[in-house]
Amino acid sequence: LFGGVLAPNGKIYCVPRNCSKILVIDTNENPVNTYTITKPTIFGFSQWCYGALGGNGMVYFCPRRATAVLKIDPSDDTVSNGGSITEVSNGFIGAVLGQNNKIYFPTLNGNNYLVFDVDTETTTSVPLPTLTSTVSRFFGAVATPQNEIVFIPARQDAIVKVRTGLPKLNDW
């Protein structure tokens, strides 16, 4: 397992990095109950890592080495492929929902990061600026109140900030 996402139904959906099933932790029950649901069959090592909750209430898992974003509908535990991708060899690691209802997946070793549009369930590969490190570039990302996504560096000596295209939030 590699992370988890809390859905509005009070269940935590654990990311099946190398597992054939998705562990679900139901926090609504006392004691906490667990069960598993089957995911689509995609062979390989380290298929997904981390995840994010979309603005539509669906759970999405980051395609580490898989060929698609994994989608879970928490209302009935339906599992499906949310959006296919072509650049998988270098993988993505991390997932964060921007205020534009797009999920950003930073790259670990690639030259592009991935943007998943929750509304259309399509992916776009976006080139990174020229960076000094070619391996272990980023491990995760964070959304800021300024409508930016900041990629967290692993062995990179710089951060990458992505503007999501929305106006700045009001200060508190």
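Report on the accompanying structure. This structure is a prediction, so every number in the text was calculated from the model and none was measured. (Residues numbered from 1 in each chain as written. Predicted model: local features only at pLDDT ≥ 70, side-chain atom pairs only at ≥ 80, totals over all residues. Heavy atoms only, no water.)

**Describing the overall build of the protein chain**
At step 1: For the protein chain, the count of helices and strands is zero helices and 15 strands.
At step 2: Relative to its 172 residues, the protein chain shows a buried fraction of 49%.
At step 3: Within the protein chain, counting contacts between residues at least 6 apart in sequence, those at least 24 apart form 37% of the total.
At step 4: Accessible surface for the protein chain amounts to roughly 8500 Å². Of this, 53% is attributable to carbon and sulfur atoms. (Helix = DSSP H or I, 4+ residues; strand = E, 2+ residues; numbered from the N terminus. Buried < 20%, exposed > 50% of the residue type's maximum accessible area, 1.4 Å probe, protein only. Contact = heavy atoms within 4.5 Å. Areas by Shrake-Rupley, 256 points an atom, 1.4 Å probe, with all protein chains shown as cover.)

**Some points on the packing of aromatic side chains**
One pair of aromatic rings is described through two measures. These are the centre distance and the angle between the planes.
At step 1: What the rule picks out here adds up to three aromatic pairs.
At step 2: When the ring of Y60 is compared with that of F116, the centres are 4.9 Å apart and the planes differ by 55°; the resulting orientation is tilted. Here the residue Y60 occupies a position in strand β6 (residues 59–63), and F116 occupies one in strand β11 (residues 112–117), the gap between them amounting to 56 residues. Of the two residues examined, Y60 and F116, each falls in the buried class.
At step 3: The rings of Y113, F138 and F151 are connected pair by pair, giving a single aromatic cluster. (Phe/Tyr/Trp six-rings, centres within 6.5 Å; stacked < 30°, edge-to-face > 60°.)

**Let's talk about the sheet that holds strand β3 (residues 21–26)**
At step 1: Strands sit in the order β1-β2-β3-β4 across an open sheet of four strands; the sheet is antiparallel. Lying at the two open borders of the sheet, with one neighbouring strand each, are β1 (4–6) and β4 (33–38). Going from strand to strand, the sheet's axes swing by 25° on average, the running direction of each strand aside.
At step 2: Across three bridges, the pairing between β1 and strand β2 (residues 11–14) is antiparallel. Paired with G4 across the bridge in β2 is C14. (Pairing = 2+ DSSP bridges. Axes fitted to C-alpha atoms, helices over the stretch in contact; angles between N-to-C directions.)

From the geometry alone we can't say anything about function, so treat these as descriptive.
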